Structure formats: C-alpha cells, structure tokens
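Examining the three-dimensional arrangement
The residues making up each chain are set out below.
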Amino acid sequence: MLSIIAKRLLLAIPTLLIVSVFVFLLQKLLPGDPILALAGEERDPATLEFLREKYRLNDPIVWQYVYWLGDLLRGDLGISLRTNQPVTELILEKLPVTIQLAVLAMILAMAIGIPAGILAAVRKNSAIDVTANLVALSGLSVPNFWLGIMLILLVSVNLGWLPASGYAPLFSDPVRALETMIMPAFVLSTPLAATLMRHTRSAMLGALKADYVRTARAKGLSPREVVLGHGFRNALLPVVTLSALLFGDLLAGAVLTEQIFTIPGFGKLIVDAVFNRDYAVVQGVVLCTAVGFIAMNLVADILYVLLNPRMRTAL
C-alpha cells in the first residue's frame, strides 16, 4: 500500500510542475494589463513603473516563472492585486464553502444515482429501467445554468420555499446553511447522479450474472440478500472509485453553479479574479484545483486496493 502511495506521489510531482508552467503561461494571454487597473484613473508613469518593479513584470518571462515557482515552493502564493490580501488567505476563506457544497452534492448524487442504478439493473428492460435511463440521459444533457435558473424561478420566486441565493456557514446556522445549499447542491449533483446511475446499473448487471449470485439463489437466499449482499457488494468497487474521481470534478466544476446562486466559494473567486485580471489569485486557485484532483485520484487508487481482495493479496 505504501509503495502505491509513494509511486502516485512521485508521478504527481512532474504533473504539478507541468500544470504550473501552463497556468503561468496561459494567464499571460489574458487581455489587458493588471497594473493599469491597479494604478487607478490617473496612472502616473512613476507609479506604473514602481508597480511593475514591485511585481517583477519588467523581468523576462522565464525569470518571472522562476521567481513565482520559488515563492510557491516556500508556500507563498503571492498577493492579490485587487484586495492586497495573501492568496493563501483568500483560498482558505473560500475553499470551505465549495467543499461544503461539493460534499452535499456528492451525498445527493450517491443517494439518487446508486439506488436508481440497482433498481434499474434488477428490473432490466422494465418500465423502471427505461425511466431511470431516460432521467439519467436528461441529467447528463440539461445544462447546469439552465436548471439552476429554472429552479430559482419555480422554487424561490413562484413557490417561495427556499432562498434564491446567499450563503450561511454550516456550524453557525445549520438550518440556514441547508436552505441556501440544497438547490445549488441538487443542480451540481444532477450529472453526477446520472453518471453513477449508469455505472451502477452496468456493474450490477455484470455482478448479477456471476456464478456466485446463481449459487446464492440456489441456496435459497432472499432476493434482497442476493442483490445487496452478493451483487451490490461486488459491484461496489467501480462505483466507489468513480465517486472519488467525480468528487474531484466537483471541486473544479462548481464555477457556474456558484455564480448563479451567488455563493462566495472557490468558483466565484476564480471568475472574479479572471475578470479583474488578478493573476496571482488565478494561478493559486488553478493550482489548488489541480492538487485536489490529483489527491482524489490517489484516494480512488487507495480505495480500489482496499476494496479489491485480489489486489490486497497481490500486494
């Protein structure tokens, strides 16, 4: 197990280095000059020159990257050009909001997608199976921004059941936090639930045809014990590993949802940073997203080994 973790971590180092190069170079393609926006309306030449020297923008681009990478290795993600706050503080402030949204969305996706996949596999080619596949296809096809707007119009504007936007910390006001998060979490969970449903159904169909399931039925076990105790237990492996990977996607894919519901999270932070040409924030957020995705891949690998007896025996 430790050898697998060590190998994955060694592979993550060049991956993160390549990501850092692309992040640094691509943000240079953003239109406009952040120094002009930072200097204000008067834009005194001396002030512009001072700011360019301060942020090392007069240096060649290679040396700018070297300086930035050196600061990064020391744990310094830079200073926001707009707020003059350390980027690390901004990320630590916004990241818990997105994690709260992602965890709730993942819970909803698993609560909807996995039972639907099991039921569709058990009732193969029935009306339930056809309906589940149709709903899953709709969940994959409907854009998140459209679904979010429709839910706001229906649930918030017309029915008045839930607030249309806003955010409340989970531990200070749990009820308000759930009220503000349930709609965006549902919107974010829709494509994930559809993906989990289809993979669960496929894994269950393969498991229910296996010899051990036929043996369990021959022993006179109840259908529930056969499906859940034998079929789903063996079909769980790809579903769990897929869930870990999907959670990594959630951390990176909450941008539109947070914009629609005005949630002050990770996604909204990077959108505002792009519009304000706040290079340091853009770089920090993208790098943290890459680290999170690599970490979830590592978790998926570990879960695969833990849940697969043959892998444990081989190790």
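Refer to the structure presented above.
As the structure is a computational prediction, the values presented were derived from the model and not from experiment. (Residues numbered from 1 in each chain as written. Predicted model: local features only at pLDDT ≥ 70, side-chain atom pairs only at ≥ 80, totals over all residues. Heavy atoms only, no water.)

**Concerning a nonpolar patch on the surface**
Filter applied, for reference: Here the term patch refers to residues with relative accessible area over 30% and no salt bridge, with like charges joined within 9 Å and nonpolar side chains (Val, Leu, Ile, Met, Phe, Trp, Tyr) within 5 Å. Areas reported here follow the Shrake-Rupley algorithm with a probe of radius 1.4 Å; residue values treat only the protein chains shown as occluding. Within this document, salt bridges are pairs made up of a side-chain nitrogen of Lys or Arg and a carboxyl oxygen of Asp or Glu, the two lying within 4 Å of each other. Going along the chain from the N terminus, every DSSP run of H or I of four or more residues is numbered as a helix, and every run of E of two or more is numbered as a strand. Categorising residues by exposure relies on relative accessible area from a 1.4 Å probe, with only protein chains included: less than 20% of the type maximum marks a residue as buried, more than 50% marks it as exposed, and the intermediate range marks it as partly exposed.
A cluster of nonpolar side chains, Val-21, Leu-25, Ile-61, Val-62, Trp-63, Val-66 and Tyr-67, forms an exposed patch at the surface whose accessible area comes to about 610 Å². Contributions of two or more residues to the nonpolar patch are made by helix H1 (2-27) and helix H4 (61-73). It is H4 that provides the largest number of residues to the nonpolar patch, a total of five residues. Residue Trp-63 is classed as partly exposed on the basis of its relative accessible area, which comes to 48%.

**What about the packing of helix H6 (residues 127-141) against helix H8 (residues 174-208)?**
Under the convention used in this document: Orientation is described by lines fitted to C-alpha atoms, with helices fitted over the stretch in contact, and by angles between N-to-C directions that extend from 0 to 180 degrees. Any angle between 65 and 115 degrees counts as roughly perpendicular, while under 35 counts as roughly parallel, over 145 as roughly antiparallel, and the rest as oblique. Crossing handedness: left-handed means the near helix sits turned counterclockwise from the far one by under a right angle, and right-handed means the same turn made clockwise. Note on contacts: a residue pair is in contact if any heavy atoms of the two residues lie within 4.5 Å. Throughout this entry, Asp, Glu, Lys and Arg are counted as charged residues, while Ala, Val, Leu, Ile, Met, Phe, Trp, Tyr, Cys and Pro are counted as nonpolar. The remaining residues, Gly among them, count as polar.
Two elements in contact, H6 and H8, have axes whose closest approach is 8 Å; the angle formed by their N-to-C orientations is 140°. One way to sum up the angle between H6 and H8 is to call them oblique. Between H6 and H8 lies a crossing whose hand is left-handed. Every residue of H8 that contacts H6 at Asp-129, Ala-132, Asn-133, Ala-136, Gly-139 and Leu-140 is listed here: Thr-190, Pro-191, Ala-194, Thr-195, Met-197, Arg-198 and Arg-201. Considering only residue class, the contact of H6 with H8 consists of six nonpolar, four polar and three charged.

**Regarding the packing of aromatic side chains**
Aromatic ring pairs are reported here in terms of the distance separating the ring centres and the angle at which the planes meet. Formally: Put simply, two rings from Phe, Tyr or Trp (the six-membered ring, in Trp's case) pair if the centres are within 6.5 Å, and we call them stacked under 30 degrees between planes, edge-to-face over 60, tilted for the rest.
Applying the stated rule across the entire model yields one aromatic pair. Both rings, one in Trp-63 and one in Tyr-67, keep their centres 6.1 Å apart while their planes meet at 35°; by these two values the pair is tilted. Here Tyr-67 and Trp-63 lie together in helix H4, a separation of four residues that amounts to about one turn. Relative accessible area serves as the criterion here: at 34%, Tyr-67 is assigned to the partly exposed category.

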